[in-house]
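# Structure assessment
Listed here are the chains, written in short residue letters.
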Amino acid sequence: MSGSMLKDCPDGREALSLLELNTRIRVTLAEAFPDTCWVRAEMSDVRVNASSGHCYLEFVEKDPRSGQLLAKVRGSIWAKTFRMLKPYFEMETGQSFTSGLKVLVKVAVEFHELYGLSLTVLDIDPAYTLGDMARRRMEIIRQLQEEGVFTLNKELPFPLLPRRIAIITSPTAAGYEDFLHQLTENKGGYPFYTKLFPALMQGDRTEASVIAALDRIDRHRELFDVVVIIRGGGATSDLNSFDSYLLAANCAQFPLPIITGIGHERDDTVVDLVAHTRLKTPTAVAEFLIARMDLVGEELEGLRQGVVSLTRDHLSRRTTELQLLTTRFPAVVTGRIERDHSLLRILAGRLPTGTSGLLERRRAELEREGLRLRNGSASLLAEGGRFIQLTEQFVKMASPDYILRRGYSLSLKEGRIIKHATDLRSGDELTTRFSDGEVKSTIL
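Right, let's walk through the structure included here. (Residues numbered from 1 in each chain as written. Predicted model: local features only at pLDDT ≥ 70, side-chain atom pairs only at ≥ 80, totals over all residues. Heavy atoms only, no water.)

### What to know about the overall build of the protein
Within the protein, the secondary structure is distributed over nine helices and 16 strands. For 444 residues, the compact-globule estimate of 2.2 N^0.38 gives 22 Å, and the protein exceeds it by more than 25% at 57 Å. Projected onto its principal axes, the C-alpha positions of the protein cover 170 × 115 × 35 Å. Within the protein, the fraction of its 444 residues that count as buried is 29%. Partitioning the intrachain contacts of the protein with sequence separation of at least 6 by distance along the chain shows that 60% fall at a separation of at least 24. When the accessible area of the protein is evaluated, it comes to approximately 29,300 Å², of which 56% is carbon and sulfur surface. The distance from the centre of the 58 positive side-chain charges to the centre of the 59 negative ones in the protein is 11 Å. (Helix = DSSP H or I, 4+ residues; strand = E, 2+ residues; numbered from the N terminus. Rg over C-alpha atoms; globule rule 2.2 N^0.38 Å. Buried < 20%, exposed > 50% of the residue type's maximum accessible area, 1.4 Å probe, protein only. Contact = heavy atoms within 4.5 Å. Areas by Shrake-Rupley, 256 points an atom, 1.4 Å probe, with all protein chains shown as cover. Lys, Arg positive; Asp, Glu negative; His and termini not counted. Charge placed at Lys NZ, Arg CZ, Asp CG, Glu CD.)

Structure follows, in structure tokens:
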């Protein structure tokens, strides 16, 4: 250790200054990492300086299970290198050069006495990022399959007439206008009811925005037949949000069939894979819905022609039958009339005898009824007379005069009969009625 770099402490010990320590670290790192090396890491906090064009970021490593941060170091990509690396990476991977991607980068390890440790990026391997993205998509698909929800939306019965359509897209998207135009200008003149549920279709907030739109539709799902998720054009990197587990799980378990038209012909997102029907563009989605209506229209036309054919056959048979009846009608009518005439003649011959017998039977019945009526009336009158006599005798015996003649008297107060002694008070005036007159008295 060179004595020129050491300073004595108050207690006599020798110590390095911070600059001396950082210098030694820089020299040691330069000796340990004389050449560049490849490093696997996740990009974080990616920023581009607008004036210089330099890209500054952090490389991090996290625990795969807990997500806890295990290591972190600053990184930089100088403008000249960044202008080449960024378009190359995005063209090869179809992904934006942004935070959250795992990358394999060639770096130079540097240490600055003032700014500390940093990695200067010199090159990048897009194949590693593609592999990680594919692995992540497979993990999402496998998780959905293990949970038993991957094919749920595909198993929903598709409506016979998909006329009521809930649309999830950006209201400013060109694909939305193309979809509506194609749908409303259909050659069959089919009426479609559409309702827009606006959502962001690119960027970090796409996942939450589309899930929120699905939640709004779910609250009124009885008003719709299908859900359409569409977006028009854009970079392949914008499809990242549709490789989301949460969004795919929501789509897979949605109670209405979902039709997607969110990508390009060669790109299948996880949302495409779990949707009931995947189509490549918004226009293709509109054509699909119109084709479903055409299919039902063709079936109805076939049924109509079948009904017309059956009706014609039925009318033809009935016409033939009527023609046959027309030729046979005179003979049938003549025969029927002759039979009726014969029957009437037979009845006319039997009528006098039958009438006399019937009248005799009715006369005998009337005489028997008259006899029963006279006998019954006499009995009723005798019983009524006896009842009247008994009633009259009872009324006489119950009359006050009859009771008074038997030696009884009635005492009245103010015209009312006194029934109880407790009803009388001193000074009350009484009238006592006998069979031969009345007597007035006063209670002392």
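### Some thoughts on the pairing of strand S10 (residues 226–230)
Looking along a regular strand, one sees the side chains alternate between the two faces of the sheet. Judged by how many residues are buried, S10 sits mostly within the fold: five of five residues are covered. Of the two faces of S10, the one holding Val226, Val228 and Ile230 and the one holding Val227 and Ile229 are both buried throughout. As judged from the four bridges shared by strand S8 (residues 164–169) and S10, these two strands associate in the parallel manner. In the strand pairing of S10, Ile168 is matched with Ile229. As defined by bridge partners, S10 adjoins strand S11 (residues 258–261) across four bridges and the pair is classed as parallel. When the bridges of S11 are listed, Ile229 appears paired with Thr260. (Pairing = 2+ DSSP bridges.)

### Considering the pattern of salt bridges
A side chain with one charge can pair with a side chain of the opposite charge if their charged atoms come near. Evaluated as defined, the whole model comprises 14 salt bridges. For the salt bridge of Glu365 with Arg362, the shortest nitrogen-to-oxygen distance reads 3.7 Å. With Glu365 and Arg362 both in helix H8 (residues 282–398) and three residues apart, the pair spans about one turn of that helix. Classification of Glu365 by relative accessible area gives partly exposed; the value is 35%. As a salt-bridge pair, Glu369 and Arg372 come within 1.8 Å of each other at their nearest N and O atoms. Note that Glu369 and Arg372 are positioned in helix H8 at a spacing of three residues, about one turn of the helix. (Salt bridge = Lys/Arg side-chain N within 4 Å of Asp/Glu carboxyl O.)

### Brief notes about the sheet that holds S11
Across the sheet, five strands lie side by side as S9-S8-S10-S11-S12; this open sheet has parallel pairing. Among the strands making up the open sheet, the edge pair consists of strand S9 (193–198) and strand S12 (277–278). The strands touched by helix H4 (residues 174–184) are S8, S9 and S10; relative to S8, the strand with the most contacts, the crossing angle is about 165°. (Axes fitted to C-alpha atoms, helices over the stretch in contact; angles between N-to-C directions.)

### Quick word on the packing of helix H2 (residues 79–93) against helix H3 (residues 126–146)
For the pair H2 and H3, interaxial distance at closest approach is 9 Å and the crossing angle is 40°. Here H3 runs oblique to H2, going by the angle between their axes. H3 is crossed by H2, and the crossing has right-handed handedness. Mapping the contact onto sequence places Tyr88, Phe89, Glu92 and Thr93 in H2 and Pro126, Thr129, Leu130 and Met133 in H3. (Parallel < 35°, antiparallel > 145°, perpendicular 65-115°, else oblique. Left-handed = near helix turned anticlockwise from the far one by under 90°.)

### Quick look at the nonpolar core
In terms of nonpolar packing, the biggest core is built from 33 residues, with Leu144, Ile168, Val227 and Ile229 touching the most fellow members. At the level of secondary structure, the elements contributing two or more residues to this core comprise H3, S8, helix H5 (206–218), S10, helix H6 (245–252) and helix H7 (270–274). Each residue touching Leu144, except ones within four places of it in the same chain, is listed here: Val149, Phe150, Tyr245, Ala248, Ala249, Val270 and Val274. (Core = buried A, V, L, I, M, F, W, Y, C linked by side-chain atoms within 4.5 Å.)

### Concerning the sheet that holds strand S16 (residues 437–442)
Two orientations exist for strands paired in a sheet by backbone hydrogen bonds: parallel and antiparallel. An order of S14-S13-S15-S16 is seen for the four strands of this open sheet, with the pairing classed as antiparallel. Pairing within the sheet leaves two strands with one partner each, and these edge strands are strand S14 (416–417) and S16.

### Focus on the packing of H3 against H6
At a minimum axis distance of 10 Å, the contact between H3 and H6 shows a crossing angle of 35°. Remark: the crossing between H3 and H6 carries right-handed chirality. Here H3 contributes Ile140, Gln143 and Leu144 to the contact with H6, which in turn contributes Tyr245, Ala248 and Ala249.

### With respect to the side chain of Arg231
Relative to the elements of secondary structure, Arg231 occurs in the loop between S10 and H6. Within the local environment of Arg231, its side chain forms a polar contact with the backbone oxygen of Ile262, the two atoms lying 2.9 Å apart. (Polar contact = N/O pair within 3.5 Å; in protein donor to acceptor, adjacent residues only side chain to side chain.)

### Some remarks on the environment of Leu247
Within the element layout of this structure, Leu247 appears in helix H6. Judged by relative accessible area, which is 0%, Leu247 ranks as buried. For the pair Leu247 and Ser209, spaced 38 residues apart in sequence, the C-alpha separation works out to 9.7 Å. With sequence-adjacent residues up to four places away left out, Leu247 is seen in contact with Glu207, Val210, Ile211, Leu214, Ser241, Phe242 and Val271.

### Considering the pairing of strand S7 (residues 116–124)
Where strand S5 (residues 69–77) lies against S7, three bridges are found, and the strand directions are parallel. Across the sheet, the residue bridging to Gly75 is Leu119, located in S7. Note that strand S6 (residues 102–112) and S7 share eight bridges and pair antiparallel. The partner of His112 across the bridge, within S7, is Gly116. Counted between consecutive antiparallel strands, the loop separating S6 from S7 contains three residues.

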